[in-house]
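# Breakdown of the fold
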Amino acid sequence: METKSQLKTLDLAYVGLAVALLAVCSWISIPTAIPFTMQTFAVFAVVGILGMYRGTLAILVYILLGAVGVPVFAGFSGGIGVLFRNTGGYIMGFLFTALITGAIIKLFGKKVWIMAVAMVLGLLVCYAFGTIWFMVVYARNNGAVGAATALSWCVVPYIIPDLFKIALAIILTKRVGKVL
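The structure presented is a predicted model; accordingly, all values stated were derived computationally and were not measured. (Residues numbered from 1 in each chain as written. Predicted model: local features only at pLDDT ≥ 70, side-chain atom pairs only at ≥ 80, totals over all residues. Heavy atoms only, no water.)

### What to know about the nonpolar core
Operational definition: Put simply, buried Ala, Val, Leu, Ile, Met, Phe, Trp, Tyr and Cys residues joined by side-chain atoms within 4.5 Å make one nonpolar core. Only protein chains enter the calculation, and the probe is 1.4 Å; a residue is then buried if its accessible area is under 20% of its type maximum, exposed if over 50%, and partly exposed in between. Only runs of H or I of at least four residues qualify as helices and only runs of E of at least two qualify as strands under DSSP, and these elements are numbered from the N terminus. Residue contacts follow a heavy-atom distance rule, with two residues in contact if any of their heavy atoms lie within 4.5 Å.
Membership of the largest hydrophobic core comes to 48 residues, with the highest contact counts inside it found for Leu22, Ile59, Tyr62, Ile63, Phe73, Ile91 and Met119. Per element, the largest residue contribution to this core is 13 residues, and it comes from helix H2 (residues 39–67). In contact with Ile91, not counting residues within four places along its chain, are Gln39, Ile63, Phe73, Val82 and Leu83.

### So, the pattern of salt bridges
Formally: Take a side-chain nitrogen of Lys or Arg and a carboxyl oxygen of Asp or Glu: if they are within 4 Å of each other, that pair is a salt bridge.
Applying the stated criterion to the full structure yields two salt bridges. Here Asp11 makes a salt bridge to Arg54, at a shortest N to O gap of 3.0 Å. One end of the pair, Asp11, is in helix H1 (residues 4–27); the other, Arg54, is in helix H2, and 43 residues separate them in sequence. On the basis of relative accessibility, which here comes to 29%, the residue Asp11 falls in the partly exposed class. Between Lys165 and Asp162 there is a salt bridge, and its shortest N-O distance comes to 3.2 Å. Taken as a pair, Lys165 and Asp162 lie in helix H7 (residues 159–179) at a separation of three residues, close to a single helical turn. For Lys165, a relative accessible area of 8% corresponds to the buried category.

### A word on the packing of helix H5 (residues 112–142) against helix H6 (residues 147–154)
Quick note on the threshold: Fitting a line to C-alpha atoms yields each axis, with helices limited to the stretch in contact; the angle taken between N-to-C directions then spans 0 to 180 degrees. An angle counts as roughly parallel when it lies under 35 degrees, as roughly antiparallel when it exceeds 145, as roughly perpendicular when it falls between 65 and 115, and as oblique in every other case. Less than a right angle of anticlockwise turn of the near helix away from the far helix marks a crossing as left-handed, whereas a clockwise turn marks it as right-handed. Under the scheme applied here, ten amino acids are nonpolar (Ala, Val, Leu, Ile, Met, Phe, Trp, Tyr, Cys and Pro), four are charged (Asp, Glu, Lys and Arg), and all others, including Gly, are polar.
Running from N to C, H5 and H6 point in directions that differ by 115 degrees, and their axes come no closer than 10 Å. Overall, the two elements H5 and H6 adopt an arrangement that is roughly perpendicular. The crossing of H5 and H6 is right-handed. Across the interface between the two elements, Thr131, Phe134, Met135 and Tyr138 of H5 pack against Ala147, Ala150, Leu151, Trp153 and Cys154 of H6. Class assignment for the residues of the contact of H5 with H6 results in eight nonpolar, one polar and no charged.

### Observations concerning the packing of aromatic side chains
The criterion, for reference: When the centres of two rings from Phe, Tyr and Trp lie within 6.5 Å, Trp using its six-membered ring, the rings pair. Their planes under 30 degrees apart give stacked, over 60 give edge-to-face, and anything left gives tilted.
Tallied over the full model, the rule gives nine aromatic pairs. Relative to Phe129, the ring of Phe96 has its centre 4.9 Å away and its plane inclined at 50 degrees; by these criteria the two rings are tilted. Of the two residues, Phe96 is situated in helix H4 (residues 88–108) and Phe129 in helix H5; the sequence distance between them amounts to 33 residues. Linked through ring pairs, Phe84, Phe96, Phe129 and Trp133 together constitute an aromatic cluster.

### Structural notes on the side chain of Lys165
The test is simple: As used in this structure description, the phrase polar contact means that two N or O atoms lie within 3.5 Å; if the pair is within protein, one of them must be able to donate a hydrogen and the other to accept it, and residues adjacent in sequence are counted only when both atoms belong to side chains.
Within the structure, the side chain of Lys165 is placed 2.6 Å from the backbone oxygen of Thr37, a separation counted as a polar contact. Side chain to side chain, Lys165 and Asp162 meet in a polar contact 3.2 Å long. Excluding residues within four positions of it along the chain, Lys165 makes contact with Thr37, Met38, Thr40 and Phe41.

### Quick word on the layout of surface pockets
Empty space among the atoms can be located by rolling a probe the size of a water molecule over them. For clarity, the cut-off: For cavity detection a 1 Å grid was placed over the protein atoms alone, and a set of points counts as a cavity when a 1.4 Å probe fits there but cannot get out; an open set counts as a pocket when protein lies on both sides within 12 Å along at least five of seven lines, with lining residues being those that have an atom within 4 Å of a point. Grid points are joined across faces, edges and corners, and a volume is the space filled by probe spheres set on the points.
Roughly 650 Å³ of internal volume is contained in the largest pocket. Around the largest pocket, the lining comprises 24 residues; the ones closest to its centre are Pro35, Gln39, Thr87, Tyr90 and Tyr158. Every element with two or more residues in the lining of the largest pocket is listed here: strand E2 (36–37), H2, H4, H5, H6 and H7. Broken down by element, the lining of the largest pocket gets its largest block of residues, four residues, from H5. Of the residues in the lining of the largest pocket, the class split is 16 nonpolar, five polar and three charged.

Nothing here speaks to function; it is all geometry.
Structural data, given as structure tokens:
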């Protein structure tokens, strides 16, 4: 029988491993005209495996580590400035993604279709938050940009790869869930 302190230690270990997974997946980049990382895969896998509370905590720790300068973000970057760039809203959006995805899974269970719906809704929230952030920062630095243009730059090229990442995260969640 595990004691409360053993559970807390185990929770911290899981969160630490999840932060490491987030960092490593951020560094994995598929070089195309628009580079693709595995960040969103890691976000969904972490929430799917650890649940809403531990998953969101891991993502918060990941963002805070990056904010203080630890190079955990894409391209081995870090620092608060990364979060205030055009695409920093997508990183911040990971928190909302975790909360929404985790809450849906917690309420309705870990059936494949429920996880798929939860992760797609979480992704849509991340897209919305990140795109609004992009439009504000871009307008401040370069002039106004329309929603359709921002979506064509920041969302449309990523939809299909992100759906594949969701599928991969669901497979991993189901497989690891059998072990944990």
